[in-house]
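Here is how the chains run, residue by residue.
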Amino acid sequence: MKENFFKKTSVVWALALVCCALWGSAFPAVKIGYEMFSVDTSDPASLILFAGSRFIIAGLLAIIIGSVSQKKILVPKKHAWPMVFKLSIFQTIGQYVLFYIALAHSTGVRASILNGLNVFIAIVVACVLFRQEKLTTNKIVGTVIGFAGLVVVCLNGSSLELGFTLLGDGFMILSAVSYAFSSVFLKRYSQYENPVMLSGYQFFVGGLVMAIAGAAAGGHIVPVSGASFLLLFYMGCISAVAYSLWGILLKNNDVSRVTVFGFMNQIFGVSFSAIFLSEGAVINIYIIIALALVCTGIIIVNRKPKAA
């Protein structure tokens, strides 16, 4: 009965859009969090400590969600711990150290679009480096169009920061690269272990490492009110809840049927940044073109090839 329920078109649409909305909301949530925790955005140690705090919560929540759904406490077996550690290096530590620093040096709108490149980089890594998938014409065309969006957003002469910035644009792209490698490893390891268990523990381990490293380096965060903790909890939910729902959809449906909704991450990211960060003024023709290219590329990549 559950499988049939999660295969319903209305359910797939609803849950996939919830996931994308959660992931898209991360961009303004993080930037608002900098203010609500008095984070010095010029201090990498404070940024890393803040990120680590979020993913400790995300890891605990994912483990709880996975344990409840499996009706048993999820604990990695001895042979699974190396998988957890490797995933934590790429999916949490590498990706989000770069992500948080990049977001401190960029607008939420610009970061949302550049982050959309993780889809295309993941395809290159999976198809070319690890040969997990076949590199089809759709994937090549979609990747080229997506990278065209990167060129537009980085080289426009708008009211955004002019040109390419290393700490903003560069680190966001490197964050996408780290995510791409983590996706390849997660796909490989999920053949042997529960993906929710792996993600939950790698979130927790990665978050703990980041929090300890940030604190040891002199970073500090100071909540300005009780609402600060609610925001931090919500940020933890973004990763834990969205990942769990996405995993359920992938388990019960064809991958392409679910991943085609990925283009909505950027739509939500740009929209929420414009609303909650008052960045509407930076949404000009260049941003619209770049967003359209990124979204078009993702759609083409996920389009099923025509039968011969």
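Bear in mind the structure is a predicted one, so any value in this text is a computation, not a measurement. (Residues numbered from 1 in each chain as written. Predicted model: local features only at pLDDT ≥ 70, side-chain atom pairs only at ≥ 80, totals over all residues. Heavy atoms only, no water.)

Caption draft 1: Structural detail: helix α10 (residues 226-252). A rise of 1.5 Å per residue sets the reference length of α10, with its 27 residues, at 39 Å; its end C-alpha atoms lie 39 Å apart and thus fit the reference within 8%. Helix geometry: α10 is bent most strongly at C237, by close to 30 degrees. (Helix = DSSP H or I, 4+ residues; strand = E, 2+ residues; numbered from the N terminus. Expected span 1.5 Å × (residues − 1). Bend = angle between axes of the 7 residues up to and from the residue.)

Caption draft 2: Focus on the packing of aromatic side chains. For the coordinates displayed, the defined rule picks out 19 aromatic pairs. Considering the side-chain rings of F55 and F203, the 5.6 Å spacing of their centres and the 25 degrees angle between planes classify their relative orientation as stacked. Placement of the pair is F55 in helix α3 (residues 44-70) and F203 in helix α9 (residues 195-216), with a sequence separation of 148 residues. Looking at F55, the relative accessible area reads 0%, which means it is buried. For F203, a relative accessible area of 5% gives the class buried. Members of the aromatic cluster, connected to one another through ring pairs, are F27, Y34, F37, F50, F55, Y96, F99, Y100, F203 and F229. Taking the ring centre of F185 as reference, the NZ or CZ of K86 above it sits at 5.1 Å. (Phe/Tyr/Trp six-rings, centres within 6.5 Å; stacked < 30°, edge-to-face > 60°. Buried < 20%, exposed > 50% of the residue type's maximum accessible area, 1.4 Å probe, protein only. Lys NZ or Arg CZ within 6 Å of the ring centre and 35° of its normal.)

Caption draft 3: Quick peek at the side chain of S239. Relative to the assigned elements, S239 resides in helix α10. Exposure remark for S239: the relative accessible area of 4% places this residue in the buried category. Within the local environment of S239, its side chain forms a polar contact with the side chain of R54, the two groups lying 3.1 Å apart. (Polar contact = N/O pair within 3.5 Å; in protein donor to acceptor, adjacent residues only side chain to side chain.)

Caption draft 4: The arrangement of the side chain of S228 in detail. Note that S228 resides in helix α10. Note on S228: relative accessible area 0%, which makes it buried. Those residues in contact with S228 that lie beyond four places of it in its chain are M36, F37 and P223. (Contact = heavy atoms within 4.5 Å.)

Caption draft 5: Quick look at the nonpolar core. Residues Y34, F50, F99 and Y100 are the most contacted members of the largest nonpolar core, which totals 53 residues. The dominant element in this core, judged by the number of residues it contributes, is helix α4 (residues 81-103), at eight residues. If we skip the residues at most four places from it in the chain, F50 touches V30, G33, Y34, F37, V39, Y100, I221, L232 and M235. Among the nonpolar cores identified, the runner-up in size contains 17 residues, and V11, L15, L22 and V258 belong to it. (Core = buried A, V, L, I, M, F, W, Y, C linked by side-chain atoms within 4.5 Å.)

Caption draft 6: Structural view of the confidence of the model for the chain. When pLDDT is averaged across the chain, the result is 82; 88% of the residues are at 70 or more. Ignoring residues within four places in sequence, the model shows residues 157-162, a span with pLDDT below 50, making 16 contacts including any to other chains. (pLDDT = per-residue confidence, 0-100.)

Caption draft 7: Representation of the environment of T92 in the model. Examined against the element boundaries, T92 turns out to sit in helix α4. With a relative accessible area of 0%, T92 lands in the buried category. Along the primary structure T92 and M210 are separated by 118 residues, whereas in three dimensions their C-alpha atoms are 8.8 Å apart. A polar atom in the side chain of T92 sits 2.7 Å from the side chain of Q202.

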